[in-house]
Amino acid sequence: MDFVPTLLMEVGSHQVEVTETLIGVGRFLVIFVAARFMAELMVRLQLPTILGELVAGVVIGASGLHLVVPPEAQAQLSAGVLGLLSSLGGMTPEAVTSLYGETFSSLQVVAEIGLFSLLFLTGLESELDELVAVGVQAGTVAFTGVVLPFAAGTAGLYYLFHVPFIPAVFAGAAMTATSIGITASVFGELQWLKRKEGQIVIGAAVLDDILGIVILAVVVSLAGGGAFTLGPIVKLCTAAVIFVAVALVLSRFAAPAFDWVVDQLKAPGDVAVASFVVLTLCCFAAQAIGLEAALGAFAAGLILSASKHTHDIESAVKPLVALFATVFFVLIGTGMDLSVLNPFDPANHEGLVVALFLLVVAVVGKVAAGWTYTSKDPTNRLVVGLGMMPRGEVGLIFLGLGTQAGILTPALEAAILLMVIGTTFLAPVLLRLVIGGQSETAAQTT
């Protein structure tokens, strides 16, 4: 009767496979339904859909319904979900909980693919040639818009709030970004995208992303290395600058070679596969020299931005971003512990003050950048400053990487989240008020 234990083992293995499948598809079902519902709501409120995905994560995650709970959140899965999976899979609730935690890494891998795809698309959409005309102004605005919030945020957290140095530097770095997508969308709606202010902001936003991602790559790499000394900082900064510079050079010379290769391919999916070969190669190269793979993904987009197949690449990548980047942003929300922002708990008061401090520095630092460039033609500097304000998806990418790297405390994590949400909500509203008010005034005078 040796076959009996084997049969029991096979039954047990089948139950594990069934439960694992239920967990996997169930998580995707909850994530996509919640994200789509909140994204549709944001569209109707004329707000970025990215915020809807983040809020969806908060609703279904550790601070909400506990339908999708990352193991590091130290929160229990909803009793209803646990009971349903247990009964359908024929396993005990304890076994389901254990399996849930063990399989969560597969969801994080999907989210990481979404992050890399999104950064690749961001680099791909960087119109470098169109920005040359406003290069000096954009460079000045970008440099100031990075230095002011980064320096003020880092120094304030470190000296005033006694936040450890690396988390303080990371929070400062998270404030350097500018969301190209949100700003471009608002300027496009208000028909200011082709005006000089719009071009300066878009150019500065591209440079902000490059500078910010370089800073981010350095900080995350140093955070995993232990000792914080000048040598590794110089080495990583140099490597990051060289890496981006090489990507910019390759965007001129490597794109034709890529186009030739793609033209030789005949099998379906040629553009998508070839693009992801470049993407993964750049991620591998960045990680191999001690930088973050995220910087490699952005660099891959820059390299292919001059390709004649850019439109086809975007068409191939955007559906992947729509699916997998959604998982990335929702997962950020699921791990958020918003209880640290409860104003009725005295222990949270310092965290709320930190959140307010970050928001003020984030707003003032970017708005001030609008007054740092020179121009022969009259321009609206307030519009430029406000256009630099939203952190949007780029700020959330920073936050997600900080969370994955274990750099941030729950309070600082939530404070950065509020800074990102605050600037992303405020910027479209204020831009519409300022530009809309000017449009009405111009209409009355004519």
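Everything numeric here is computed off the predicted structure, so don't read it as measured data.

Reading guide: rules and limits
- Along each chain, residues carry numbers from 1 onward, in the same order as the chain's sequence is written.
- The model is predicted, so local features are restricted to residues of pLDDT at least 70 and side-chain atom pairs to those at 80 or more, both for listing and for counting; the totals for chains, interfaces and linings are taken over all residues.
- To obtain the side-chain values, all non-hydrogen atoms of the structure were used and water was disregarded.
- To qualify as a helix, a DSSP run of H or I must reach at least 4 residues; to qualify as a strand, a run of E must reach at least 2; elements of each kind are numbered from the N terminus.
- By definition in these notes, contact holds between two residues if any of their heavy atoms fall within 4.5 Å.
- We get accessible surface area from the Shrake-Rupley algorithm with a probe of 1.4 Å; when it comes to residues, only the shown protein chains can shield them.
- pLDDT gives the predictor's per-residue confidence on a scale running from 0 to 100.
- Here a polar contact means two N or O atoms within 3.5 Å. Within protein one must be a hydrogen donor candidate and the other an acceptor candidate, and residues neighboring in sequence count only if both atoms are side-chain atoms.
- Think of it in three bands: residues with accessible area under 20% of the maximum for their type are buried, residues over 50% are exposed, and the middle band is partly exposed, with areas taken using a 1.4 Å probe on protein chains only.
- Here Asp and Glu are counted as negative and Lys and Arg as positive; His is not counted, and neither are the chain ends.
- For salt bridges, the criterion is a side-chain nitrogen of Lys or Arg within 4 Å of an Asp or Glu carboxyl oxygen.

1. Considering the overall build of the protein chain
Stage number 1. Along the protein chain, the regular secondary structure elements total 16 helices and 0 strands.
Stage number 2. Contacts in the protein chain between residues far apart in sequence, at least 24 positions, make up 78% of those at least 6 positions apart.
Stage number 3. Carbon and sulfur atoms form 69% of the exposed surface of the protein chain, whose accessible area is close to 20100 Å².

2. Concerning the confidence of the model for the protein chain
Stage number 1. Looking at the protein chain as a whole, its pLDDT mean stands at 81, while 87% of the residues score no less than 70.
Stage number 2. Looking over the protein chain, one finds the lowest element-wise mean pLDDT in helix H7 (residues 180–189), namely 68, and the highest in helix H14 (residues 381–387), namely 91.
Stage number 3. Below a pLDDT of 50 lies the segment residues 3–11, which in the model reaches 0 contacts outside its immediate sequence neighbourhood of four places, other chains included.
Stage number 4. Across residues 440–446, where pLDDT falls below 50, the model places 0 contacts with residues more than four positions away in sequence or in other chains.

3. Section: the side chain of Thr 310
Stage number 1. Residue placement: Thr 310 occurs in helix H12 (residues 310–334).
Stage number 2. At a separation of 2.6 Å, a polar atom in the side chain of Thr 310 contacts the main-chain carbonyl oxygen of Ser 307.
Stage number 3. Discounting chain neighbours no more than four positions away, the residues touching Thr 310 are Leu 124, Leu 304 and Ser 305.

4. Quick look at the side chain of Glu 53
Stage number 1. Note that Glu 53 resides in helix H2 (residues 49–60).
Stage number 2. Summary of buried charges: Glu 53 has no salt-bridge partner, and the nearest side chain of opposite charge, Arg 36, is 5.5 Å away.
Stage number 3. Leave out the neighbours within four places in its chain, and Glu 53 touches Ala 35, Ala 325, Thr 326, Phe 329 and Val 330.

5. Examining the pattern of salt bridges
Stage number 1. Summed over all chains, the structure comprises 4 salt bridges.
Stage number 2. A salt bridge links Glu 197 to Arg 195, with the shortest nitrogen-to-oxygen separation between them at 3.9 Å.
Stage number 3. For Arg 195, a relative accessible area of 40% puts it in the partly exposed group.
Stage number 4. In this structure, Lys 308 engages Asp 263 in a salt bridge whose closest nitrogen and oxygen atoms are separated by 3.0 Å. Here Lys 308, found in the loop between helix H11 (293–304) and H12, pairs with Asp 263, found in helix H9 (residues 230–264); they are 45 residues apart in sequence, far enough to count as distant.
Stage number 5. A relative accessible area of 58% means that Lys 308 is categorised as exposed.
Stage number 6. Judged by relative accessible area, Asp 263 falls into the partly exposed class, the value being 32%.

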